[in-house]
Amino acid sequence: MPKVPGDLKVCIFDVFGTVVDWRGSLIEDLPKLGKQYGIETDWTSFADDWRGLYQPQMGRVRKGELPWTRIDDLHKEAFEMLLKKRGLKHPGAEGAWEFTHLWHKLRPWPDSVEGIGMMKKKYVVATLSNGNVALLINMAKNGGIPWDHCFSDRKSTRLNSSHSSVSRMPS
């Protein structure tokens, strides 16, 4: 096991894919909600395509082509783009938000809650995400993730954990 620096005080985590299983959660939940709205499609590829639109959308925000935009709004826009591309019926405004809010219910990987809980005994544990605060808090509440703090704001939308310069940022 690698040695932990003695002056380490805070452990900051990327969330999507690292702490929560976005893909498995969506693949399980999309068909159920789709059935409620009478929408049938290959939900596995839909989930992959939906997430696949994330980087291009974030790129538009980072480049200033779009103003700062909540990730919820980007997720909804991508959802609606995919409906149109696939020729699927739109579930209405309320339904589109219900699908979008599936991102708030992503479930943690089996070892995430216990592992973060163990780290929390000694360190401050927090997110570094461009997910909006409500999304991160809802995920934590739904999945029992014991964050001390959720870092998310306009700056992290432009510079987030997937950005190469984050690893070079001073602590």
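Whatever comes next refers back to the structure up there.
Notes on the structure follow. (Residues numbered from 1 in each chain as written. Predicted model: local features only at pLDDT ≥ 70, side-chain atom pairs only at ≥ 80, totals over all residues. Heavy atoms only, no water.)

A word on the overall build of the chain. The secondary structure content of the chain amounts to eight helices and three strands. Traced from its N-terminal end to its C-terminal end, the chain shows the element sequence β-α-α-α-α-α-α-β-α-β-α. Within the chain, the proportion of its 171 residues that are buried is 42%. Taking the contacts inside the chain whose residues are at least 6 apart along the sequence as the reference set, 72% of them involve residues at least 24 apart. (Helix = DSSP H or I, 4+ residues; strand = E, 2+ residues; numbered from the N terminus. Buried < 20%, exposed > 50% of the residue type's maximum accessible area, 1.4 Å probe, protein only. Contact = heavy atoms within 4.5 Å.)

It is worth spelling out the sheet that holds strand E1 (residues 10-13) at this point. Taking strand neighbours across the sheet as the criterion, the three strands line up as E1-E2-E3 in an open arrangement whose pairing is parallel. Unpaired on one side and paired on the other, E1 and strand E3 (149-151) mark the two borders of the sheet. Mean inter-strand twist for the sheet, computed between neighbouring axes without regard to direction, equals 25°. Bridge analysis of E1 against strand E2 (residues 124-128) gives four bridges, and the strand direction is parallel. If you follow Val10 over to E2, its bridge partner there is Val124. (Pairing = 2+ DSSP bridges. Axes fitted to C-alpha atoms, helices over the stretch in contact; angles between N-to-C directions.)

Let us now look at a nonpolar patch on the surface. Residues Val10, Ile12, Val124 and Phe151 make up a contiguous nonpolar surface patch of about 310 Å² in total accessible area. Within the fold, Phe151 resides in strand E3. (Patch = residues over 30% accessible without salt bridge, like charges linked within 9 Å, V, L, I, M, F, W, Y side chains within 5 Å. Areas by Shrake-Rupley, 256 points an atom, 1.4 Å probe, with all protein chains shown as cover. Salt bridge = Lys/Arg side-chain N within 4 Å of Asp/Glu carboxyl O.)

Turning our eyes to something else, we now look at the nonpolar core. Leu26, Leu30, Phe46, Trp50, Phe99 and Trp147 are the most contacted members of the largest nonpolar core, which has 42 residues in total. Elements that contribute at least two residues to this core include exactly E1, helix H1 (22-36), helix H2 (43-52), helix H3 (54-62), helix H4 (71-86), helix H5 (92-100) and helix H7 (133-143). A total of six residues in this core trace back to one element, the largest contributor, which is H4. Each residue touching Phe99, except ones within four places of it in the same chain, is listed here: Leu30, Leu33, Gly34, Tyr37, Ile39, Trp43, Trp50, Phe79 and Pro91. (Core = buried A, V, L, I, M, F, W, Y, C linked by side-chain atoms within 4.5 Å.)

Moving on: the environment of Ser45. Mapped onto the elements, Ser45 comes out in helix H2. With 18 residues separating them along the chain, Ser45 and Ile27 place their C-alpha atoms 8.7 Å apart. Of the polar contacts made by the side chain of Ser45, one reaches the side chain of Arg86; its length is 2.9 Å. (Polar contact = N/O pair within 3.5 Å; in protein donor to acceptor, adjacent residues only side chain to side chain.)

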